Amino acid sequence: MFKAKVLIKRRPSILDPQGKAVEKGAQHLGLTNIKNTRIGKFIEFDVLSDNVEEAKKEVNEYCLKLLSNPIMEDYEFELSEI
Amino acid sequence: MNPKFGVVVFPGSNCDHDAYYALKKIMNCDVEFLWHKNPDLNNCDVIVLPGGFSYGDYLRTGAIARFSPIMNSVIDFANKGGIVIGICNGFQILLEAGLLPGVMLQNTSLKFVCKNVYLKVENYNTIFSNSIPVQLQTVRIPIAHGEGNFFATETMLKEILDNNQIVFRYSDANGNTNDENNPNGSLMNIAGIINRKGNILGMMPHPERVCDPILGSTDGQFIFKSIINYLLN
């Protein structure tokens, strides 16, 4: 069995109004060195398979078809045996 | 005989009854609700994906509803030329399902915007806009959404423009489309588009909310009248 950890990020070319708004909070905190805040998603789940290739294939499909929208997001993931 | 509309009900749909009411009581059509778990479209002539917050807008708007059992039938129906209209959350579902090009981002203001807006009619020759009088440059229909900021890649936008797929753009009362009249940051002020074949419309504004004269405007009737007109002629 594997633990999958997926990171979903907006494409760099796509504006992130949420990140911008949050960064305003950083300015109010006086954290003047914080720049380019981008908000993404972190998703983790188990994959009930003992075959790493099969697990990767399934995670890729999950990411591509449901967890991310390839028009505006990129994803990456790591698998660790558990 | 007036056509039969099917209004799909997802968990979290909340404009389904408005659509049902407008079509049944104002437009005098046959209407029935279609529960999302039942793949049967019951011989409806037109499928309506209504507004709301299907699946709580979890993950991305429309992303989970797109995999509801009924959606395979809707996709099949649409690919065979069946008429589908997605309003607000319904538009978001159509985008996620790949039936229309593009994606919805959060409004640039980060606010949920609920107000009447003017829409410039860009194309009067569609199944969904043929009954809008050409002398009316704009129609006034309300929006109510937090994620209506339409985005498409350059390639997608080129295809949308080349095929004349934009039906409505946010504007002022005179049809001027500029940043001031863009309520959510949408690319090119896009408020509603059709697919290449022209049988699927997605629009963020809610025509079903402005059909009954008691609500102050009847501009929403134009969209449903157009569909009925297309099917009857």
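Residue numbers here run from 1 along each chain, matching the order of that chain's written sequence. Following the order in which they are written, the chains are lettered starting with A and the ligands numbered starting with 1. Given that this is a predicted model, residues contribute local features only at a pLDDT of at least 70 and side-chain atom pairs are listed and counted only at 80 or more, while totals for whole chains, interfaces and linings are drawn from all residues.

This next bit is on the overall build of chain A. A run of H or I in DSSP counts as a helix once it spans at least four residues, and a run of E counts as a strand once it spans at least two, with each numbered from the N terminus. Across its full length, chain A carries two helices and three strands. Going from N to C terminus, chain A has its helices and strands arranged as β-α-β-α-β. Atoms considered for the radius of gyration are the C-alpha atoms alone. The globule rule reads 2.2 Å times the number of residues to the power 0.38. Over its C-alpha trace chain A gives a radius of gyration of 16 Å, far above what one expects of a compact globule, namely 12 Å for 82 residues. Principal-axis analysis of the C-alpha atoms gives chain A an extent of 50 × 30 × 15 Å. Partly exposed residues are those whose C-beta has more than 12 but fewer than 20 other C-beta atoms within 10 Å; with 20 or more the residue is buried, with 12 or fewer it is exposed, and the C-beta atoms are placed from the backbone. With 82 residues in all, chain A has 13% of them scored as buried.

Right, let's talk about the overall build of chain B for a bit. Per the secondary structure count, chain B includes five helices and eleven strands. Taking 233 residues into account, the globule formula puts the C-alpha radius of gyration at 17 Å, and chain B, at 16 Å, falls close to it. If one aligns the C-alpha atoms of chain B with their principal axes, the spans along those axes are about 45 × 40 × 35 Å. Put simply, chain B has 233 residues, and 55% of those count as buried.

What follows covers the interface of chain B and chain A. Placing C-beta atoms from the backbone, we regard two residues as in contact once those atoms come within 7 Å. Of the residues lining the interface, ten residues belong to chain B; the matching set on chain A comes to eight residues. Its residues assigned to classes, the side of chain B that touches chain A shows five nonpolar, four polar and one charged. Lys, Arg, Asp and Glu make up the charged group, whereas Ala, Val, Leu, Ile, Met, Phe, Trp, Tyr, Cys and Pro make up the nonpolar group; the residues left over, Gly among them, are polar.

All names here are of chain B. Within the fold, Leu41 resides in the loop between β2 (30-35) and β3 (46-49). For the pair formed by Leu41 and Pro183, sequence separation is 142 residues and the distance between their alpha carbons is 35 Å. Ignoring anything within four residues of it in the chain, the contact list for Leu41 reads Gly6, Leu34, Ile47, Ser73 and Phe77.

This brings us to the pairing of strand β1 (residues 4-9) of chain B. Residues and elements named next belong to chain B. By the criterion of burial, β1 is predominantly enclosed, with five of the six residues buried. Two strands qualify as a pair provided DSSP detects at least 2 bridges between them. Two strands pair when backbone bridges link them, and β1 and β2 are joined in this way by six bridges, in the parallel orientation. By the bridge assignment, Lys4 is partnered in β2 with Asp30. The definition of a right-handed crossover adopted here requires that, viewed with the strands pointing away, the path from the first strand over the helix to the second runs clockwise. Crossover β1 to β2 through helix α1 (residues 16-26) is right-handed. Bridge count between β1 and β3: three bridges; the pairing is parallel. Its bridge partner being in β3, Gly6 is matched across the sheet by Ile47.

Residues and elements named next belong to chain B. The topology assignment puts Phe91 in helix α3 (residues 89-96). In sequence terms Phe91 and Met203 are 112 residues apart; their C-alpha atoms lie 5.8 Å from each other. Apart from the residues lying within four places of it in its own chain, the contact partners of Phe91 are Gly86, Gly202, Met203 and Met204.

Residue and element names in this part refer to chain A. Strand order in the open sheet formed by three strands is β2-β1-β3, and the pairing between neighbours is antiparallel. The open sheet has two edge strands with one neighbour each: β2 (41-47) and β3 (73-81). Put simply, the sheet's adjacent strands are angled 20° from each other on average, direction ignored. Here seven bridges tie strand β1 (residues 2-10) to β2, and the two strands are oriented antiparallel to one another. Note on definitions: angles span 0 to 180 degrees between N-to-C directions of axes, and those axes are lines fitted to C-alpha atoms, for helices only across the stretch in contact.

With that out of the way, let us pick up unusual backbone geometry. A negative phi angle characterises most non-glycine residues, just as the trans form characterises most peptide bonds. Residue and element names in this part refer to chain B. The backbone of Asn43 shows a phi angle near 55°, a positive value even though the residue is not glycine. With respect to the helices and strands, Asn43 occurs in the loop between β2 and β3. Assessed through the 8 C-beta atoms surrounding it within 10 Å, Asn43 is described here as exposed. If you check the backbone angles, Asn164 has positive phi at about 55° while not being a glycine.

All names here are of chain B. Each residue after the first adds 1.5 Å to the expected span of a helix. With twelve residues, helix α5 (residues 221-232) should reach 16 Å at 1.5 Å per residue; the first-to-last C-alpha distance of 16 Å fits that figure. Taken residue by residue, α5 has Gln221, Phe222, Ile223, Phe224, Ile227 and Ile228 as its buried positions. Those residues of α5 that are buried are in contact with α1, β3, β4 (83-87) and β7 (138-145).

On to the confidence of the model for chain A, then. Confidence of the predictor at the level of single residues is given by pLDDT, which spans 0 to 100. For chain A, the average pLDDT comes to 95, and 100% of its residues sit at 70 or higher. When mean pLDDT is taken per element in chain A, β2(A) scores highest with 98 and helix α1 (residues 17-28) of chain A scores lowest with 92.

All names here are of chain B. A sheet is described by the order of its strands in space; here nine strands give the open sequence β2-β1-β3-β4-β11-β10-β9-β6-β7, paired in mixed fashion. Only two strands of the sheet have a single neighbouring strand rather than two, namely β2 and β7. Direction aside, the axes of adjacent strands within the sheet are offset by 25° on average. Strands β3, β4 and β11 (200-203) of the sheet are contacted by α3, whose axis makes an angle of about 120° with β4.

All right, on to the environment of Asp40(B) then. Here Asp40(B) is to be found in the loop between β2 and β3. Sequence-wise, Asp40(B) and Cys29(B) are eleven residues apart; in three dimensions their C-alpha atoms are separated by 20 Å.

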